[in-house]
Amino acid sequence: MTTKKGNLNDGRSVYLHGKKVKDMAAEPVFSKTLSYIQKYYDLNASDTMFLPPKTHEDLVKKREIYEKVSRESYGFLGRTPDFINTGIAILDAYADVLGADERTNYAQNAKNWAKRVKSEDLFISHAIQNPQVDRSKGLTELLSDGQEFAAVWIKEKRPDGVIVRGAKQVNTLAPLADELLVFNLPGLAPADKDFALAFSLPLATAGVKVVCRKPTMKTDYSLKDYPLSGAFDEMDAFIILDDVFVPNESLFVCGSVEKSNAFFPGSGFFVHTAHQDEVRGFVKLEFVTALAVRLAEKLGLSQFLRVQEMLGSLTVNLEMIKSSIIASEVTAHMENGVLTPNMQVLLAVRASLTNYYDEALRAIAEFASGSIVGVPDFREFENEEIADILKASMTSPLINAEDRALLLNLAWDITGESFGQRQRTYEFLHGGNPMWIKNMHWQSEDLTSAYQMLDKVLENAKSEK
Ligand SMILES: Cc1cc2nc3c(=O)[nH]c(=O)nc-3n(C[C@H](O)[C@H](O)[C@H](O)COP(=O)(O)OP(=O)(O)OC[C@H]3O[C@@H](n4cnc5c(N)ncnc54)[C@H](O)[C@@H]3O)c2cc1C
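Residues numbered from 1 in each chain as written. Predicted model: local features only at pLDDT ≥ 70, side-chain atom pairs only at ≥ 80, totals over all residues. Heavy atoms only, no water.

Engineer: In this structure, what is going on with the overall build of the chain? I would like to understand it.
Structural biologist: For the chain, the helix and strand inventory stands at 17 helices and 12 strands. Over its C-alpha trace the chain gives a radius of gyration of 24 Å, about what one expects of a compact globule, namely 23 Å for 465 residues. For the chain, the spread of C-alpha atoms along the principal axes amounts to about 85 × 80 × 45 Å. For the chain, buried positions account for 51% of its 465 residues. For the chain, the exposed area adds up to about 21200 Å²; of that, 53% sits on carbon and sulfur atoms. Treating the 51 positive side-chain charges of the chain as one cloud and the 63 negative ones as another, the clouds have centres 2 Å apart. (Helix = DSSP H or I, 4+ residues; strand = E, 2+ residues; numbered from the N terminus. Rg over C-alpha atoms; globule rule 2.2 N^0.38 Å. Buried < 20%, exposed > 50% of the residue type's maximum accessible area, 1.4 Å probe, protein only. Areas by Shrake-Rupley, 256 points an atom, 1.4 Å probe, with all protein chains shown as cover. Lys, Arg positive; Asp, Glu negative; His and termini not counted. Charge placed at Lys NZ, Arg CZ, Asp CG, Glu CD.)

Engineer: What should I look at first to understand the nonpolar core in this one?
Structural biologist: As a rule of thumb, nonpolar side chains are buried together in soluble globular proteins. With 116 residues, the main nonpolar core has Phe30, Phe199 and Phe367 as its most contacted residues. For this core, the domains that each give at least three residues are domain 1 (13-45 + 81-266) and domain 2 (269-446). Excluding its chain neighbours within four sequence positions, the residues that come into contact with Phe367 are Ala292, Leu295, Ala296, Leu299, Leu301, Val307, Met310 and Leu311. Counting 9 residues, the second largest nonpolar core, distinct from the first, contains Leu142, Trp153, Phe195 and Val257. (Core = buried A, V, L, I, M, F, W, Y, C linked by side-chain atoms within 4.5 Å. Domains from an automatic or database assignment. Contact = heavy atoms within 4.5 Å.)

Engineer: Would you take a moment to explain unusual backbone geometry for this structure?
Structural biologist: A negative phi holds for most residues other than glycine; trans holds for most peptide bonds. Even without being a glycine, Tyr74 presents a positive backbone phi close to 60°. With respect to the helices and strands, Tyr74 occurs in the loop between α4 (56-71) and α5 (82-88). On the basis of relative accessibility, which here comes to 34%, the residue Tyr74 falls in the partly exposed class. Not every positive phi belongs to a glycine, and Leu173 is a case in point at roughly 65°. Overall, Leu173 belongs to the buried group, its relative accessible area being 0%.

Engineer: What should I look at first to understand the site of the ligand in this one?
Structural biologist: Lining the immediate environment of the ligand, one finds 20 residues, of which Ile128, Arg135, Gln169, Val170 and Thr172 sit closest. Residue Ile128 places a main-chain N or O atom 2.6 Å away from an oxygen atom belonging to the ligand. Gln132 has a polar side-chain atom sitting 3.5 Å from an oxygen atom of the ligand. In isolation the ligand exposes 960 Å². Once the protein is present, 70% of that is buried. Within the residue set of the shell around the ligand, elements represented by two or more residues are β3 (124-127), β5 (161-172), α15 (418-429) and α16 (434-444). Residue classes in the shell around the ligand are distributed as 7 nonpolar, 10 polar and 3 charged. (Near = heavy atom within 4 Å. Polar contact = N/O pair within 3.5 Å; in protein donor to acceptor, adjacent residues only side chain to side chain. Nonpolar A, V, L, I, M, F, W, Y, C, P; charged D, E, K, R; others polar.)

Engineer: Any chance you could explain the sheet that holds strand β7 (residues 197-202) here in plain terms?
Structural biologist: Either a parallel or an antiparallel arrangement is found when strands of a sheet pair, and the pairing is made through backbone hydrogen bonds. Across the sheet, which stays open at both edges, the 4 strands sit in the order β3-β6-β7-β10 with mixed pairing between neighbours. Looking along the sheet, the strands with just one partner apiece sit at the ends: β3 and β10 (251-254). The average angle at which neighbouring strand axes cross in this sheet is 25°, direction not considered. As paired elements, β7 and β10 share 3 bridges and run antiparallel to each other. Bridged to Leu197 within β10 is Cys254. Here helix α9 (residues 257-266) sits on the sheet and contacts β7 and β10; the angle it forms with β10, its principal contact strand, is near 135°. (Pairing = 2+ DSSP bridges. Axes fitted to C-alpha atoms, helices over the stretch in contact; angles between N-to-C directions.)

Engineer: Is there a simple way to explain the packing of aromatic side chains in this structure?
Structural biologist: By convention here, two paired aromatic rings are described through the distance between centres and the angle between planes. Scanning the entire structure with this criterion turns up 13 aromatic pairs. Between Trp113 and Phe252, the ring centres sit 5.1 Å apart and the planes meet at 45°, which makes this aromatic pair tilted. Here Trp113 is found in helix α7 (residues 106-120), whereas its partner Phe252 is found in strand β10, with 139 residues between them in sequence. With respect to burial, Trp113 and Phe252 carry one shared label: buried. Of the aromatic side chains, those joined through ring pairs into one cluster are Tyr36, Tyr74, Phe76, Phe232, Phe287 and Phe419. One cation-aromatic arrangement involves Arg79 over Phe83; the distance from NZ or CZ to the ring centre is 3.9 Å. Its guanidinium or amino end placed over the ring of Tyr226, Lys218 lies 5.6 Å from that ring's centre, counting from NZ or CZ. (Phe/Tyr/Trp six-rings, centres within 6.5 Å; stacked < 30°, edge-to-face > 60°. Lys NZ or Arg CZ within 6 Å of the ring centre and 35° of its normal.)

Engineer: Hey, could you run me through the pattern of salt bridges in this one?
Structural biologist: When charged atoms on two side chains of opposite charge get close, those side chains can pair. Summed over all chains, the structure comprises 32 salt bridges. Among the salt bridges present, the one from Arg165 reaches Glu148, with a minimum N-O distance of 2.7 Å. Taken together, the residues span a long stretch of sequence, with Arg165 in strand β5 and Glu148 in the loop between α8 (139-144) and β4 (153-158) at a distance of 17 residues. Here Arg165 falls in the buried class, since its relative accessible area comes to 13%. When the shortest N-O distance is used, the salt bridge between Glu366 and Arg306 registers 2.4 Å. On the criterion of sequence distance, the pair formed by Glu366 in helix α12 (residues 343-368) and Arg306 in helix α11 (residues 305-330) is long-range, its members being 60 residues apart. Take Arg306: its relative accessible area is 49%, and that puts it in the partly exposed class. Via salt bridges that share partners, Arg79, Asp277, Glu278, Arg280, Lys284, Arg350 and Glu427 belong to a single interconnected network. (Salt bridge = Lys/Arg side-chain N within 4 Å of Asp/Glu carboxyl O.)

Engineer: So what exactly am I meant to see when it comes to the pairing of β4 here?
Structural biologist: With 5 bridges joining them, β4 and β5 adopt antiparallel strand pairing. Bridge pairing in β5 places Trp153 opposite Arg165. Hairpin remark: β4 followed by β5, antiparallel, with 2 residues in the connecting loop.

Engineer: Sorry if this is basic, but what is going on with the domain arrangement of the chain here?
Structural biologist: For an interface, size is often stated in terms of accessible area lost upon the parts coming together. Assigned domains of the chain: these are domain 1 (13-45 + 81-266) and domain 2 (269-446). For domain 1 and domain 2, the distance between their C-alpha centres works out to 28 Å. With both chains or domains summed, domain 1 and domain 2 bury close to 2500 Å², and 64% of this area falls on carbon and sulfur atoms. Along the contact surface separating domain 1 from domain 2 lie 3 salt bridges. (Buried area = accessible area lost by both parts, 1.4 Å probe.)

Shown next, in the form of structure tokens:
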């Protein structure tokens, strides 16, 4: 256990700035962010997190703890330990779908793993999406073309486990986690047996290489200049599995396309992690909505009708998301003895949040306008040569110079900085391409009563003499 204790120097291979990191604690991008991740443990969130929901009250309790954890990072850390842990909480009830074969008992492995994650309070990071090598080709075709890193595949089968090779394109917070959970989304073709895998391994396993993107964190300035991007960076990483040995007992799927395709929806992970994710999304939407309102007030814009309409639209969006999350709990159903939130509602929330978040960002950018790039380095407010005139010229009856600069810096962090751009990309894509989400929603929607009305009016028209 490393994340909870705060010691990430366990021999893991993490690459940053073109080098292998020797001391994780010496890198602010990791140490500062870790202190935010650890708030999950400070809040003793695990007791509630690992509760398999049986009643409506349980779901409400879980929502409240997701919200609490999320508020610690204002919703800007998406993959805190509660995300995967809420799926692990119900794995015991679902694992039998994974079955067994002559190699191992996958269902039992998953149950044992869930027990260990709970008892050791581990932080699990998940790696699903395959690198965008050539989406026009199937995985088996890519491998036969020599593309060994287009996905993760079984290179060698041994009696005690398998050697896997390959890559996953983005794994959020992997450098700070205890273990990597590697699996596929549904969609493997019948020929893709060698790609049919699901397993979890400690970060420090030989051959696991975690290659970080360039940080968005600003370390050379004060938090006054970069209130969020100076505080944490939800690091994403490219994962390389360079001939990694996975012991039989760590395998949840191996060689079965059917089981691989069933893993995400069939393990209960999808719906319960979605519940956590949408609550976290709501908290973030609340934050950006509040910032838009504060900017409008402090820049003297809120008496304009157009601005009022924009603000009203943001609060309407917020209300829709809040109510929908509650609706997903009220319309939950029992499945495998677990009270399961309504997935159609959660998918609708995910599909809408991408647009609502963007709308809030557009409002912030429009209100902050050119002022957003006219903010000096905060040290200028201490510069004897110009401090007085700067403060006088930037102070208004509504807000003093420093508070105004701070508010605008926050707006820039969220709309302009690489931190904000990464957050925007995250909101758009982390839950899957919105195209797939909407596609999935439409295919599962029950339109029976709507069709009945439609047929009635058509029949009425046809039967007119
Ligand atoms: C900040 C961030 C953090 C993330 N964190 C994680 C993480 O921790 N773990 C993880 O596993 N994943 C993570 N993801 C990955 C995320 O799950 C994927 O980016 C997302 O699902 C979209 O998949 P993709 O990028 O492979 O794009 P694709 O699905 O390849 O789509 C790319 C483009 O191709 C088009 N396209 C692709 N296939 C088709 C098709 N069949 N028909 C028509 N058009 C098609 C799409 O419309 C789109 O325009 C993260 C992503 C981001 C941006």
